[in-house]
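Architecture at a glance
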Amino acid sequence: MERATTMKIAQVSPLFETVPPRGYGGTERVVSYLTEELVRQGHDVTLFASGDSQTSARLVSPVAHSVRESVLDQSWLAYHLIQMDMVAQMSDEFDIIHFHTDFLQFPAARAFSRPHLTTLHGRLDLPCLEPLYRHFHTQRLVSISDSQRRPLPWANWLATVHHGIPEDLYTFEPDPAAYFLFVGRLSPEKRVDRAIDIAIRCNRPIYIAAKLNKNEETYFKERIKPLLRHPLVNYVGEVGGQEKRELLENASALLFPIDWPEPFGLVLIEAFSCGTPVVAYGHGSVPEIVEDGVTGFVVSNQEEAVRAASRIDSISRRNCRAAFERRFTAPHMAARYLEAYRCLQPG
């Protein structure tokens, strides 16, 4: 990339996980992929993230370690406020400031002289959000799917940018094993219980690679733990790195039977990159991400899910990989964000 086209870019990540996360963590993982791709393209990137993050960008940290374990005690908020003040003090150094921290930056960012935007990574159908975004209506927003923005269609949307991951992060596997896979959180809306039911009814082994949050332990003990006793069910807990790659690459299908308006679903495109098709309930962004009959099946109930899973081998794994390369790579994501950045540049 020519020097005249390079930009000084700040990426502001949540502090809950390292960048990239060692285990489960969607937002911080996307921030990492975007940051590294922008650096690879020659941009001058500063990453505001926890001090135990790994990046080729300049790292600025308000806290030495990620604050995942402080979610229930308020100290996470203190460190994020410090982070926002650090960004404010350095804001004039950048051509563009890109926030991934929901709305914490809004009060300070209104006073910035430099262009800035916020990618929203979560659900937007909560009642408290409408008055918030109406109050901060000048803040420029990016959605991660078109479906994500439906609860707030009047908000100050600049673009929709789908997530992307490095092309070489996963290896295409044309000959998978016979098992199904569930990757996600052990929370009611992710519906691991549905995934287990689908696998059992298809007489297929299933691996459960999932994170358990402290506030969901009761749900896990009462509703999910008894299901793990079935001989077809293999619970491996939270995974990352090589273990996650091997599970995704060798699965015959990823089961994604969600029961909530999923804003994106990063694991879907991780599966596609391996050639692994998905069976997914059609909530939220799923119909936008999954090409029904091409990269998997979009279903609306358990009977449809079981039928789809039983014929998952009819989906071409090469077509899954091709769809990933066409739509969901890190360079593609970075290109879309660079378009958004340049739209905000003066002149």
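Above this text is the structure in question.
Keep in mind the model is a prediction, meaning the values are calculated, not measured. (Residues numbered from 1 in each chain as written. Predicted model: local features only at pLDDT ≥ 70, side-chain atom pairs only at ≥ 80, totals over all residues. Heavy atoms only, no water.)

**Observations concerning the nonpolar core**
Core analysis: the biggest nonpolar cluster contains 84 residues, and Phe180, Leu181, Ile206, Ile208, Leu254, Phe272 and Tyr341 have the highest contact counts within it. At 7 residues, helix α8 (residues 266-274) tops the list of elements feeding residues into this core. In this structure Tyr341 touches Met7, Ile9, Gln11, Leu34, Leu38, Ile96, His98 and Leu117, once residues within four positions along its chain are discounted. Of all hydrophobic cores here, the second largest spans 12 residues; its members include Ala10, Phe48, Val60 and Phe112. (Core = buried A, V, L, I, M, F, W, Y, C linked by side-chain atoms within 4.5 Å. Buried < 20%, exposed > 50% of the residue type's maximum accessible area, 1.4 Å probe, protein only. Helix = DSSP H or I, 4+ residues; strand = E, 2+ residues; numbered from the N terminus. Contact = heavy atoms within 4.5 Å.)

**Points about helix α10 (residues 302-310)**
Of all the positions in α10, only Gln302, Ala305, Val306, Ala308 and Ala309 are classed as buried. Buried residues along α10 cover an arc of 165° about the axis, so they all sit on one side. Residues of α10 that are buried make contact with β8 (180-185), α5 (192-201), β12 (278-281) and β13 (296-299). N-cap assignment for α10: the residue whose side-chain oxygen lies 3.1 Å from the backbone N of Glu303 is Asn301. (Arc of directions from axis to C-beta. Polar contact = N/O pair within 3.5 Å; in protein donor to acceptor, adjacent residues only side chain to side chain.)

**Thoughts on unusual backbone geometry**
The amide bond that connects Val19 to the next residue, Pro20, takes the cis arrangement and shows omega of -5°. Within the secondary structure, Pro20 sits in the loop between β1 (8-12) and α1 (27-40). Unusually for a residue other than glycine, Asp102 sits at a positive phi of about 55°. Its place among the elements puts Asp102 in the loop between β4 (96-99) and α3 (106-109). Under the relative-accessibility criterion, Asp102 is labelled partly exposed at 38%. We note that Arg191 has phi near 55°; this positive angle belongs to a residue other than glycine. Locating Arg191 in the fold gives a position in the loop between β8 and α5.

**Details of helix α6 (residues 217-224)**
The set of residues buried in α6 consists of Tyr219, Phe220 and Ile224. One face of α6 carries all of its buried residues, which in axial projection span an arc of 100°. Residues of α6 that are exposed and point more than 90 degrees away from the buried face comprise Thr218, Lys221 and Glu222.

**A closer look at the sheet that holds strand β3 (residues 58-60)**
Read from one edge to the other, the open sheet built from 7 strands follows the order β3-β2-β1-β4-β5-β6-β7, with strand pairing classed as parallel. Of all the strands in the sheet, the pair left with one neighbour each is β3 and β7 (157-160). Neighbour to neighbour, the strand axes of the sheet diverge by 25° on average, direction disregarded. Direction of pairing for strand β5 (residues 116-120) relative to strand β6 (residues 141-143): parallel, over a ladder of 3 bridges. Of the residues in β6, the one forming a bridge with Thr119 is Val142. Together, β1, β2 (44-48) and β4 form the strand contacts of α1, whose direction differs from that of β2 by roughly 160°. The strands touched by helix α12 (residues 330-343) are β1, β4, β5, β6 and β7; relative to β7, the strand with the most contacts, the crossing angle is about 160°. (Pairing = 2+ DSSP bridges. Axes fitted to C-alpha atoms, helices over the stretch in contact; angles between N-to-C directions.)

**Some remarks on the packing of α1 against α12**
Close contact between α1 and α12 brings their axes to 9 Å; oriented N to C, the two are set at 80°. By the angle class used here, α1 and α12 are roughly perpendicular. In this structure, α1 uses Val30, Tyr33, Leu34, Glu37, Leu38 and Arg40 to contact α12, whose residues at the interface are Ala330, Pro331, Met333, Ala334, Tyr337, Leu338 and Tyr341. Of the residues that constitute the contact of α1 with α12, the class distribution is 11 nonpolar, no polar and 2 charged. (Parallel < 35°, antiparallel > 145°, perpendicular 65-115°, else oblique. Nonpolar A, V, L, I, M, F, W, Y, C, P; charged D, E, K, R; others polar.)

**A word on the packing of aromatic side chains**
Following the criterion strictly, the structure yields 10 aromatic pairs and no others. Centre to centre, the rings of Phe48 and Phe94 are 6.1 Å apart; their planes meet at 80°, and the pair counts as edge-to-face. A residue pair is termed long-range when its members are at least 10 positions apart, and Phe48 in strand β2 and Phe94 in the loop between α2 (75-90) and β4 qualify at 46 residues. We classify Phe48 as buried; its relative accessible area is 0%. Centre to centre, the rings of Tyr179 and Tyr207 are 4.9 Å apart; their planes meet at 70°, and the pair counts as edge-to-face. Taken as a pair, Tyr179 in the loop between β7 and β8 and Tyr207 in strand β9 (residues 206-211) lie far apart in primary sequence, 28 residues in all. The class for Tyr207 is partly exposed, based on a relative accessible area of 26%. Three or more aromatic residues joined by ring pairs form one cluster here, namely Phe106, Tyr133 and Phe136. Positioned above the aromatic ring of Trp154 is the side chain of Arg134, whose terminal nitrogen or guanidinium carbon lies 3.8 Å from the ring centre. Above the face of the Tyr281 ring, Arg194 is positioned so that its terminal group lies 4.1 Å from the ring centre. (Phe/Tyr/Trp six-rings, centres within 6.5 Å; stacked < 30°, edge-to-face > 60°. Lys NZ or Arg CZ within 6 Å of the ring centre and 35° of its normal.)

**Here we look at the sheet that holds β9**
Strand pairing in a sheet relies on backbone hydrogen bonds. The paired strands run either parallel or antiparallel. Strand order in the open sheet made by the 6 strands is β10-β9-β8-β11-β12-β13, with parallel pairing throughout. Strands with a single pairing partner mark the edges of an open sheet, and in this sheet they are β10 (233-235) and β13. This sheet shows a mean twist of 20° between the axes of neighbouring strands, independent of strand direction. Note that strand β11 (residues 253-256) and β12 share 3 bridges and pair parallel. If you follow Phe256 over to β12, its bridge partner there is Ala280. Set on the sheet, α5 makes contact with β8, β9, β10, β11 and β12; between it and β9 the angle comes to about 170°. Here α8 sits on the sheet and contacts β8, β11 and β12; the angle it forms with β11, its principal contact strand, is near 170°.

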